[in-house]
Amino acid sequence: MGLTSIHKLLKTEEYMTMQTKLRNLTIAVGFSAALALPNVVSAGTAWDLPIVWPDGNFHTKNARMFAEEVKKATNGDVVINVHSGGSLGFKGPEMLKVVRDGLAPIGEMLLNQQVGEAPLLGLEATPYMSRHHDDLALFHKHWLPEVNKLVKKFNQKFLYVVPWPRQYVYTKVPAKSVNDLKGIKIRTYNKTTTGMFNRIGMTSVQLPWGEVVPALAAGTIDGVTTSASSGVDGKFWEFLKYMYPTNHVWSSNALSVNLDAWNALSQKNRDAIEAVAKRLQPKFWEVSKAEDSGKVKILTDKGVKFGKVTSEMMSIMQTKTKPMMQEAIDSIGGPAAAIVAAYKKERGN
């Protein structure tokens, strides 16, 4: 092989070696970039939000709207994935513990179902404490500051609190008097409603929402106390024939965040999320106010008869449950008496 040929060959080998090095370097850079990519993605925060209510429920719709607005306000830094219908396996009465223990970083809960852990959360649902939304808002003015102190001890904070519409008693049979209700096995959802309906002669069966429709289908209950919203959620027209606006308690749901998850966010994102909650909460209250009439129409269009609660029925129900106010105050203790006293004073009675 001549020198010229060898020289050409060396140049070719040098060229190929250089190409190989460049190719390897390109692969290495690309691999490093690929390794870095998950870190870029994980710079954001994704929270799974369990909620027991189905997609059509207004509380679930509220939660989804909140999640959308949080994503916008944080420029995608915080993404909340709403899991409706209890799909994550958590039941309503255990949600305070679920969020406390970080099993979910954020969760939505019916407050009066958490009284086993925090009795003060049930004070709102004392029978005939509030007559309407305006009363309830006034009660919250005195109640929520103490509630916020309490839930901090459970390693969480409430972002917003929204009430359910008024409550009803659903039955299979007509009820023109309290006597007509006696012996009916009625689904209740907390200690207060259980005690209340037992006092008026019904047989209370305390069940979380997820067990209500199966119990109706199995015939283990003959009636339900809940809102018109839940009446539609459960398709009560398939099981029950009458609904009575007893308006006996008011109940609220809260969206609660675990403090460890919350404090892991930047101050900028925390401020943005709180601003979203402050802006949306009044809108969610208006949704609650409008919810009742719309859902009542669906129920009555489907064949459920809207019954009348006579003044005599209401008077008897209020009289039989009146002692529960002081019993609740004594049982809860702490700030309960002061909250109720301040509320009644400002309300005027």
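Reference entry: report on the structure contained in this document. (Residues numbered from 1 in each chain as written. Predicted model: local features only at pLDDT ≥ 70, side-chain atom pairs only at ≥ 80, totals over all residues. Heavy atoms only, no water.)

1. Re the sheet that holds strand β10 (residues 252-258)
- With antiparallel pairing, the three strands of this open sheet are ordered in space as β3-β10-β4. A strand with exactly one partner marks an edge of an open sheet, and here the two such strands are β3 (106-110) and β4 (156-163). Each strand of the sheet is rotated relative to its neighbour by a mean of 20°, with strand direction disregarded.
- Bridge count for β3 against β10 is five bridges, and the pairing is antiparallel. Residue pairing across strands places L110 opposite N253, the latter belonging to β10.
- With respect to the sheet, helix α2 (residues 58-73) is in contact with β3, β4 and β10, its orientation differing from that of β4 by roughly 130°. (Pairing = 2+ DSSP bridges. Helix = DSSP H or I, 4+ residues; strand = E, 2+ residues; numbered from the N terminus. Axes fitted to C-alpha atoms, helices over the stretch in contact; angles between N-to-C directions. Contact = heavy atoms within 4.5 Å.)

2. Focus: helix α4 (residues 133-152)
- Counted at 1.5 Å a residue, the expected span for α4 with its 20 residues is 28 Å, and the 26 Å between its end C-alpha atoms agrees.
- The principal kink in α4, of about 40°, is found at W143, preceding the proline P145 by one to four residues.
- For α4, the full list of buried residues reads H133, D135, L136, L138, F139, H140, H142, W143, L144, V147, L150 and V151.
- Contacts from the buried residues of α4 go to β4, β10, α9 (267-301) and α12 (336-347). (Expected span 1.5 Å × (residues − 1). Bend = angle between axes of the 7 residues up to and from the residue. Buried < 20%, exposed > 50% of the residue type's maximum accessible area, 1.4 Å probe, protein only.)

3. Describing the environment of Q267
- One can find Q267 in helix α9.
- At 2.8 Å, the side chain of Q267 forms a polar contact with the side chain of D271. (Polar contact = N/O pair within 3.5 Å; in protein donor to acceptor, adjacent residues only side chain to side chain.)

4. Details of the sheet that holds strand β9 (residues 242-244)
- The strand order across the open sheet formed by six strands is β7-β6-β8-β5-β9-β11, and the pairing between neighbours is mixed. If you trace the sheet from one side to the other, it starts and ends with β7 (203-206) and β11 (305-306), each paired once.
- Relative to β11, β9 runs parallel, the two being bridged by two bridges. Residue Y242 lies in a different strand from β11, and its bridge partner there is K305.
- The strands touched by α9 are β5 (167-171), β9 and β11; relative to β5, the strand with the most contacts, the crossing angle is about 10°.

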